[in-house]
Amino acid sequence: MQKPKVYVTREIPERGLKIIKERFETEVWSEYAPPPKNVIIEKARNVDALVSLLSDKIDAEVFDAAPKLKIVSQLAVGFDNIDVTEATKRGIYITNTPGVLTETTADFAWALLMAVARRVVEADKYVRTGQWKVGWHPSMLLGRDIYGATIGIVGAGRIGQAVARRAKGFNMKILYYDVISRTELEKELGAKRVDLDTLLRESDFVSIHVPLMKETHHLINAEKLKLMKKTAYLINNARGPVVDEKALYEALEEGKIAGAGLDVFEKEPTPADNPLLKLDNVVVAPHISSASHETRSKMAEMVAENLVAFFEGRQPPNLVNPEVMKVKPLSKII
Ligand code: GLV
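These lines cover the structure that appears in this document, whether it is placed above or below. Predicted model only: the values in this text are computed from it and were never measured.

### Topic: the pairing of strand β6 (residues 150-154)
And then number 1: Of all 5 residues making up β6, 5 are buried, and the element is well covered by its neighbours.
And then number 2: Where burial is concerned, the two faces of β6 agree: the one with T150, G152 and V154 and the one with I151 and I153 are both buried.
And then number 3: Bridge count between β6 and strand β7 (residues 173-177): 5 bridges; the pairing is parallel. Directly across from I153, in β7, lies its bridge partner Y176.
And then number 4: Once the chain exits β6 it traverses helix α7 (residues 158-169) before rejoining the sheet at β7, and the crossover so formed is right-handed.
And then number 5: When β6 meets strand β9 (residues 205-208), the two strands line up parallel, connected through 4 bridges. From the neighbouring strand, I153 faces β9, where its bridge partner is S207.

### Quick word on the site of the ligand
And then number 1: Lining the immediate surroundings of the ligand are L54, A76, V77, G78, L101, R239 and H287.
And then number 2: Backbone polar atom of V77 to an oxygen atom of the ligand: 2.8 Å apart, as the coordinates give it.
And then number 3: The contact in question runs from an oxygen atom of the ligand to an N or O atom on the side chain of H287, over 2.7 Å.
And then number 4: Its free accessible area being 190 Å², the ligand has 88% of it covered by the protein chains.
And then number 5: Taken together, the residues of the shell around the ligand break down into 4 nonpolar, 2 polar and 1 charged.

### So, the sheet that holds β9
And then number 1: Pairing within the open sheet is parallel, and its 7 strands lie in the order β8-β7-β6-β9-β10-β11-β12. In the strand order of this sheet, the two ends are held by β8 (192-193) and β12 (282-284), each with one partner.
And then number 2: Along the sheet face, α7 touches β6, β7 and β9 and points at about 170 degrees away from the line of β6.

### Topic: the nonpolar core
And then number 1: Ranked by internal contacts, the top residues of the largest apolar core, which has 55 residues, are I12, I20, I151, F205 and L307.
And then number 2: Excluding its chain neighbours within four sequence positions, the residues that come into contact with F205 are L113, A117, D145, I146, A149, T150, I151, G152, M172 and Y233.
And then number 3: Core analysis: the next-biggest nonpolar cluster, separate from the first, contains 29 residues, L199, L219, V243 and F265 among them.

### Here we look at the packing of helix α5 (residues 102-117) against α7
And then number 1: Closest axis-to-axis distance for the α5/α7 pair is 8 Å, and the angle between their directions is 55 degrees. What the angle tells us is that α5 and α7 run oblique. Pair α5 / α7 crosses with right-handed handedness. Contact with α5, carried on its side by T102, E103, T105, A106, D107, A109 and W110, involves R158, I159, A162, V163, R166 and A167 of α7 and no other residues of that element.
And then number 2: Each residue belonging to the contact of α5 with α7 can be placed in one class, and the counts come to 7 nonpolar, 2 polar and 4 charged.

Reading the values: rules and limits
- Residues numbered from 1 in each chain as written.
- Predicted model: local features only at pLDDT ≥ 70, side-chain atom pairs only at ≥ 80, totals over all residues.
- Heavy atoms only, no water.
- Buried < 20%, exposed > 50% of the residue type's maximum accessible area, 1.4 Å probe, protein only.
- Helix = DSSP H or I, 4+ residues; strand = E, 2+ residues; numbered from the N terminus.
- Pairing = 2+ DSSP bridges.
- Right-handed = clockwise from strand over helix to strand, strands pointing away.
- Near = heavy atom within 4 Å.
- Polar contact = N/O pair within 3.5 Å; in protein donor to acceptor, adjacent residues only side chain to side chain.
- Areas by Shrake-Rupley, 256 points an atom, 1.4 Å probe, with all protein chains shown as cover.
- Nonpolar A, V, L, I, M, F, W, Y, C, P; charged D, E, K, R; others polar.
- Contact = heavy atoms within 4.5 Å.
- Axes fitted to C-alpha atoms, helices over the stretch in contact; angles between N-to-C directions.
- Core = buried A, V, L, I, M, F, W, Y, C linked by side-chain atoms within 4.5 Å.
- Parallel < 35°, antiparallel > 145°, perpendicular 65-115°, else oblique.
- Left-handed = near helix turned anticlockwise from the far one by under 90°.

Right, dumping it as structure tokens:
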């Protein structure tokens, strides 16, 4: 039997790529930058499967060009770059890589939180650029306490909960906002479910962990930022468009909040002239929250496992659109 054809839009870690190459007829886009949309469309024409990254727009235009496409296996937990509704209509299976990146991503939310609250990046620059002329001063680079403060988790799914667990070690009061009640979190950590406005009013640190959807686009806008304490920090390592970046800049510039830690932006890569990058009370990173050697390898392995399961006629373990199985049952595909 002919091997299924797979197009992989970037060099993913070897642990997954090796499996894919062994099992499928594989082509990989080997440049560091993503393939342009027309390349994805061109490649999709002739393949049974795509391996995509969150920076690849996989929409109706791609699906229309790809009569043989059966599955898109995405190397990420978030899949807002994929038009899942359009995929489901056409009987195309979509998978992601949840779970394996939870702790790594939660670690990084904390890295941003601690860096901005204790001014780590500013302090590093201060020393390196020769500004450290006085050995010690009582008011040098003062930040804000983390221990014992209140953290507000916006979206208490897997990653939000992992962030909350770390907060327990810092003896923090934990508030969360979620569309569903997380009773385990309440029992285990004493977390309290509140509405978004209360969370914003009462938290010293607001950490965002919702997926990007129509309902969460600009969830944090000018009006919401106004509710936050002047001494509070906003952390976002979920998706950039959850925060209205222009409103965030204004809030920071006008001293309405104390600082922000951002791993994600409305447009990625964010342009070098993004005004947020001029502010010392903003710590930034280039969307690397899941970027550990261990986690990225596990993610790549999951990408491969989802493909292998599918082409063996089994339900992929991380199917995000299970309703597709009614549109095109597995028995009709393989
Ligand atoms: C990264 O942002 C992911 O969704 O995995």
